Amino acid sequence: KTKKSKTQRMSLPSQPEEFLDHPRPVHIEAPSIQAEVDEYLQLSVLREAAGDYTADVGSIKSEIKKRRAKGLVLTFWALVFVTVGNKIFQKLQTVPMYNYPIFLNLYTNFIYIPLSFAYIVPMIKYGTFITQDQINTPKKVFAVMGALDSLAGIMQIFAATYLSGPLVILLAQAAIPISMMISRKLLQAKYSLSQYFGALVVALGILIVLFPSLYDGKASGSLMWSFIMIVSCVPMVLSSVYKEIALGQTEMDPIFMNGWVAVFQFFFSIALSPPSALVGEPPVKPGQLWDNLVNGAKCYVGVNSVTAGPHVDNCWPGAPLYVSLYLIFNVAYNILIILSLKYGSANILFMALTVTVPLGNVAFSFPFVPSHTKMKVTPF
């Protein structure tokens, strides 16, 4: 096995708020081709005894490589489809749930706890993927990541509520130059000139899109939420960097880690809810927060509560449909990222994530998409 450099390590997503295209680093090793050959040959002993023809090692390796290549192509296009769907429904779920970003943040955090532990508990009891060393990992490591992720997640859910879909997709790319700066400072990671150039292109693209807002007084709110979306990438990246520092090359089952991070993220999100609700549009005072959460739960099942004002509820059928589809796409997104990193490379993941930016913009331009945005040649 070859040791990966810090610039080659990739990460896995945890909660829906991590959606973010920049998952947490987890050490994953794909089975080698030779290991698959050995397994095939062991099975071939039985086949040969039954009169089956056993191919030579060279042809077996060639067949395994072809099978892997085909699997990677399918995984790539599946990842593109699921990532686009993930980003689209990340925004669409906020349209009917406009008045309830706090509920949306808590619910999409909480739902990952039972989903993760439905795997963790039986795997600890009957499986072998979660080792005792992983179980003994200090929970404070997960608590720190949960705190950072809760801060990033609540900023992103608010920003996604008040910004357009294409802008949400574009601003999430700010994590690329931010992660390069933080990892270079804290991990002494080294990058090539082409990587620095790519990060510069991303930063310039974001500035060009936001430039008209600087001279439009009516767009001050949009500019504020754009800034919050960009800043949210800082705790998100710090969470990944902290994991790399705290756990290093420790083998860690991604679902085990994500489950525990989800627990801490949920409780930190509860603590952040009262101050966060005050910056909403409209703001929700601490005394009104419980009622807002109850109304958010009602909206999730299609029951309207706000019937007067600038943003009346229109919960059915959008809220249950879009939120549920977002969670389904997000779970599928997490699984495909694991497969792409385990059997391919980070390059495949980055290619898929890059393709989603223009595809997401095209998707949000369709008239039948709620809160659709007309495509323009320039942002001016």
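Cut-offs and rules
- Residues numbered from 1 in each chain as written.
- Predicted model: local features only at pLDDT ≥ 70, side-chain atom pairs only at ≥ 80, totals over all residues.
- Heavy atoms only, no water.
- Helix = DSSP H or I, 4+ residues; strand = E, 2+ residues; numbered from the N terminus.
- Buried < 20%, exposed > 50% of the residue type's maximum accessible area, 1.4 Å probe, protein only.
- Contact = heavy atoms within 4.5 Å.
- Areas by Shrake-Rupley, 256 points an atom, 1.4 Å probe, with all protein chains shown as cover.
- Polar contact = N/O pair within 3.5 Å; in protein donor to acceptor, adjacent residues only side chain to side chain.
- Disulfide = S-S within 2.5 Å.
- Axes fitted to C-alpha atoms, helices over the stretch in contact; angles between N-to-C directions.
- Parallel < 35°, antiparallel > 145°, perpendicular 65-115°, else oblique.
- Left-handed = near helix turned anticlockwise from the far one by under 90°.
- Core = buried A, V, L, I, M, F, W, Y, C linked by side-chain atoms within 4.5 Å.
- Phe/Tyr/Trp six-rings, centres within 6.5 Å; stacked < 30°, edge-to-face > 60°.
- Lys NZ or Arg CZ within 6 Å of the ring centre and 35° of its normal.
- Bend = angle between axes of the 7 residues up to and from the residue.
- Expected span 1.5 Å × (residues − 1).
- Patch = residues over 30% accessible without salt bridge, like charges linked within 9 Å, V, L, I, M, F, W, Y side chains within 5 Å.
- Salt bridge = Lys/Arg side-chain N within 4 Å of Asp/Glu carboxyl O.
- Nonpolar A, V, L, I, M, F, W, Y, C, P; charged D, E, K, R; others polar.

S.K.: Hey, could you run me through the overall build of the protein in this one?
M.R.: Within the protein, the secondary structure is distributed over 15 helices and two strands. Looking at the 380 residues of the protein, the share that counts as buried comes to 47%. Once local pairs closer than 6 in sequence are excluded, the contacts in the protein between residues at least 24 apart make up 80%. As displayed, the protein offers around 19100 Å² of accessible surface, 69% of which is attributable to carbon and sulfur atoms.

S.K.: Sorry, what's going on with the side chain of Thr137 here?
M.R.: By the secondary structure assignment, Thr137 is in the loop between helix 5 (132–135) and helix 6 (139–162). Engagement of the side chain of Thr137 in a polar contact is seen with the backbone oxygen of Gln134, the distance being 2.9 Å. The residues touching Thr137, leaving out its near neighbours within four places in the chain, are Phe142, Leu247 and Met252.

S.K.: Looking at this model, I keep getting lost on the state of the cysteines. Mind explaining?
M.R.: By definition, a disulfide links the sulfur atoms of two cysteines through a covalent bond. Tallied over the entire structure, the rule returns one disulfide. Shown here is the disulfide that connects Cys299 with Cys315, its sulfur atoms set 2.1 Å apart. When the S-S torsion is -105°, as for the bridge of Cys299 with Cys315, the disulfide is left-handed. Taken together, the positions of Cys299 in helix 13 (residues 289–300) and Cys315 in the loop between helix 13 and helix 14 (318–343) put the pair 16 residues apart, joining distant regions of the chain. Relative accessible area serves as the criterion here: at 0%, Cys315 is assigned to the buried category.

S.K.: In this structure, what is going on with the packing of helix 6 against helix 11 (residues 233–247)? I would like to understand it.
M.R.: Axes are the key here: two packed helices are described by the angle between their axes and the distance separating the axes. Their axes nearest at 8 Å, the elements helix 6 and helix 11 cross at an angle of 165°. Comparing their axes, helix 11 and helix 6 come out roughly antiparallel. Once helix 6 is placed against helix 11, the crossing between them reads as left-handed. Contacts between helix 6 and helix 11 involve Lys140, Val141, Val144, Met145, Leu148, Asp149, Leu151, Ala152, Met155 and Gln156 on the former and, on the latter, Pro235, Met236, Leu238, Ser239, Tyr242, Lys243, Ala246 and Leu247.

S.K.: Would you explain the environment of Tyr322 in this entry?
M.R.: By secondary structure assignment, the location of Tyr322 is in helix 14. Overall, the relative accessible area of 17% leaves Tyr322 in the buried class. With 227 residues separating them in the primary sequence, Tyr322 and Val95 have C-alpha atoms 8.9 Å apart. Setting aside residues no more than four positions away along its own chain, Tyr322 makes contact with Phe89, Leu92, Gln93, Pro96 and Pro370.

S.K.: Just to check I follow, could you spell out the nonpolar core for this structure?
M.R.: Proteins that are soluble and globular tend to have nonpolar side chains buried together. In this structure, Met97, Ile102 and Leu163 are the most contacted members of the largest nonpolar core, which totals 74 residues. The greatest single-element share of this core, amounting to nine residues, is contributed by helix 14. Discounting residues that sit within four places of it in the chain, Ile102 has contacts with Ile154, Phe158, Ser273, Ser276, Ala277, Leu289 and Leu293.

S.K.: I would appreciate a short explanation of the packing of aromatic side chains in the present structure.
M.R.: Two aromatic rings are characterised by how far apart their centres lie and by the angle between their planes. Applying the stated criterion across every chain yields a total of 17 aromatic pairs. Taking 5.7 Å as the distance between ring centres and 10° as the angle between the ring planes, the aromatic pair formed by Phe103 and Tyr107 counts as stacked. In this pair, Phe103 and Tyr107 both sit in helix 3 (residues 101–110), four residues apart, roughly one turn of the helix. Phe103 gets classed as buried once you look at its relative accessible area, which sits at 12%. For Tyr107, a relative accessible area of 19% puts it in the buried group. Relative to Trp225, the ring of Phe158 has its centre 6.0 Å away and its plane inclined at 10°; by these criteria the two rings are stacked. With Phe158 in helix 6 and Trp225 in helix 10 (residues 220–231), the pair connects residues that are 67 residues apart, well separated along the chain. Summarising the burial analysis for this pair, Phe158 and Trp225 share the class buried. Clustering of aromatic rings is evident, with ring pairs tying together Phe81, Phe89, Tyr322 and Phe329. The side chain of Lys139 reaches across the aromatic face of Trp260, ending 5.1 Å from its centre.

S.K.: I keep staring at helix 12 (residues 254–277) and nothing clicks. Help me out?
M.R.: Side chains that are three or four residues apart share a direction in an α-helix, a result of its 3.6 residues per turn. Most pronounced at Ala271, the bend in helix 12 amounts to some 35°, and the proline Pro274 follows within four residues. Between the side-chain oxygen of the N-cap and the backbone nitrogen of Ile255 there are 3.0 Å, and the N-cap of helix 12 in question is Asp253.

S.K.: Looking at this structure, how should I read the environment of Ala352?
M.R.: Positionally, Ala352 belongs in helix 15 (residues 346–363). When sequence neighbours within four positions are dropped, the list of residues in contact with Ala352 reads Phe76, Leu79 and Val80.

S.K.: Please clarify how helix 11 should be interpreted in this entry.
M.R.: With 15 residues, helix 11 extends 21 Å between its outermost C-alpha atoms, agreeing within 8% with the 21 Å of an ideal straight helix rising 1.5 Å per residue. Three or more residues of helix 11 are buried, namely Cys233, Pro235, Met236, Val237, Ser239, Ser240, Val241, Lys243, Glu244 and Leu247. Positioned one or two residues after helix 11, Gly248 has a phi angle of 55°, which is positive.

S.K.: Even after reading the chapter, I still don't get a nonpolar patch on the surface, so can you show me in this structure?
M.R.: The grouping of Phe197, Leu200, Val201, Leu204, Leu207 and Ile208 at the surface amounts to a nonpolar patch, some 590 Å² of accessible area in total. In this fold, Ile208 is placed in helix 9 (residues 193–214).

S.K.: Which parts of the structure should I look at to understand the packing of helix 3 against helix 4 (residues 112–126)?
M.R.: Running from amino to carboxyl end, helix 3 crosses helix 4 at an angle of 5°, the nearest separation of the two axes being 4 Å. Of the possible angle classes, the one that applies to helix 3 and helix 4 is roughly parallel. For the pair helix 3 and helix 4, the contacting residues are Thr108, Asn109 and Phe110 in the first and Tyr112, Ile113 and Pro114 in the second. Partitioning the contact of helix 3 with helix 4 into residue classes produces four nonpolar, two polar and no charged.

On their own, these measurements won't tell you what the molecule is for.
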